[in-house]
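Letter by letter, the chains look like this.
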Amino acid sequence: RREACRTALPYAAQTFSGLSGRVLSLAWLRTGNGGRPYTGMLSVPSALGLIETRNGYRLTLQPAAELQSFFKAEEKRFLQGEEVLLSAPCLIHFTLPPKGMFFLGGVLSVYGESGEINSRPFLMDPDLNRDFTILLDYGVIEIWGNGGLVYAALETPADFPKKGISLRGKEIVISVRRVLKSW
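Small disclaimer: the values here were computed from a predicted structure and weren't measured.

Calculation criteria
Residues numbered from 1 in each chain as written. Predicted model: local features only at pLDDT ≥ 70, side-chain atom pairs only at ≥ 80, totals over all residues. Heavy atoms only, no water. Helix = DSSP H or I, 4+ residues; strand = E, 2+ residues; numbered from the N terminus. Buried < 20%, exposed > 50% of the residue type's maximum accessible area, 1.4 Å probe, protein only. Contact = heavy atoms within 4.5 Å. Areas by Shrake-Rupley, 256 points an atom, 1.4 Å probe, with all protein chains shown as cover. pLDDT = per-residue confidence, 0-100. Pairing = 2+ DSSP bridges. Core = buried A, V, L, I, M, F, W, Y, C linked by side-chain atoms within 4.5 Å. Polar contact = N/O pair within 3.5 Å; in protein donor to acceptor, adjacent residues only side chain to side chain. Phe/Tyr/Trp six-rings, centres within 6.5 Å; stacked < 30°, edge-to-face > 60°.

## Considerations on the overall build of the chain
- Helices and strands together make up the secondary structure of the chain, namely one helix and 15 strands.
- For the chain, the residues scored as buried account for 45% of the 183 residues in total.
- Counting only contacts in the chain whose residues sit at least 6 apart along the sequence, the fraction spanning at least 24 positions is 58%.
- Accessible area for the chain stands at about 9,500 Å²; split by element, carbon and sulfur atoms hold 53% of it.

Written out as structure tokens, the structure is:
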């Protein structure tokens, strides 16, 4: 048995086909309300794919290509644990080298050497890239990585809309994209 998601937040995903040869998936994200006037939300559309790895065929999830059109690029290089405060919504891209580390507040930690997200091992196929895309939105953080083999969704802290969230990296280049169009 294999899991499509590394966290328990996504539930009851629906798929849509007939979209220029693509299949897109939307999942219901079971979030608490944390003082917000709603409970739960839909994920961002993810494109489904299939790749062959050394362990057989695997399902992949990548953010839908249209997502990029909502953001403009700003590059930031993090070398020695530098920190920056982020607000939502934004899109974060980075490639995780073997010695690299990435931290988003107290919510998300990714370690290249041990291959762990939030202290949970994830398959880091050496034949695939180590690129990650993270959507930081007001109520949720969605993560795609390792050629689409890694997908996870996490709730943002309840005080996030007022305080923002800190981002730190070590030995990685992080591209942060801010909202360009109406979200």
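Still more ground to cover, so stick around.
## A few points about the environment of I141
- Tracing the backbone shows I141 in strand β13 (residues 140-145).
- In this structure the C-alpha to C-alpha distance between I141 and S43, which are 98 residues apart in sequence, comes to 9.5 Å.
- Not counting chain neighbours up to four residues away, the residues in contact with I141 comprise L104, V107, I134, L135, L136, A152, A153, L154 and T156.

## Focus on the confidence of the model for the chain
- Averaged over all residues, the pLDDT of the chain equals 79, while 85% of them reach at least 70.
- Per-element mean pLDDT across the chain ranges from 68 in strand β6 (residues 71-86) up to 94 in strand β2 (residues 22-29).

## Comments concerning the pairing of strand β14 (residues 150-155)
- Counting buried positions along β14 gives five out of six residues, so the element sits mostly inside the fold.
- The sheet contact formed by β13 and β14 spans six bridges and is antiparallel. Along β14, the bridge assignment pairs E142 with A153.
- Linkage of β13 to β14, two consecutive antiparallel strands, is achieved through a turn of four residues, within which N146 is found at a positive phi near 50°.

## Quick look at the pairing of strand β15 (residues 165-179)
- With five bridges connecting them, strand β7 (residues 90-95) and β15 associate as antiparallel partners. Of the residues in β15, the one forming a bridge with I92 is V176.

## Description of the environment of G164
- Tracing the backbone through its elements, the reader meets G164 in the loop between α1 (160-163) and β15.
- In this structure G164 comes out as buried when scored by relative accessible area, which is 19%.
- It is 9.1 Å that separates the C-alpha atoms of G164 and G105, two residues lying 59 residues apart in sequence.
- In contact with G164, not counting residues within four places along its chain, are L85, L86 and D159.

## Some words on the nonpolar core
- In terms of nonpolar packing, the biggest core is built from 26 residues, with L86, I92, F94, F102, L104, L108 and I134 touching the most fellow members.
- Contributions of two or more residues to this core are made by β7, β8 (101-104), β9 (108-111), β12 (131-136), β13, β14 and β15.
- When residues of this core are assigned to their parent elements, the largest contribution, five residues, is made by β15.
- Among all residues touching F102, those that are not within four sequence positions of it are I92, F94, L108, S109, V110, I134, L167, R168, G169, I172 and I174.
- Of all hydrophobic cores here, the second largest spans 14 residues; its members include L29, L67, F71 and V140.

## Looking at the side chain of T156
- By the element assignment, T156 lies in the loop between β14 and α1.
- Overall, T156 belongs to the buried group, its relative accessible area being 4%.
- Within the structure, T156 has its side chain in polar contact with the backbone oxygen of Y138 (distance 2.7 Å).
- Apart from the residues within four sequence positions on either side, T156 is in contact with R36, L136, D137, Y138, G139, V140 and I141.

## Looking at the packing of aromatic side chains
- Per the stated rule, a full pass over the model turns up three aromatic pairs.
- Ring geometry for F94 against F132: centres 5.3 Å apart, planes inclined by 10°, an arrangement best described as stacked. One end of the pair, F94, is in strand β7; the other, F132, is in strand β12, and 38 residues separate them in sequence.
- Residue classification places F94 among the buried positions, given a relative accessible area of 3%.

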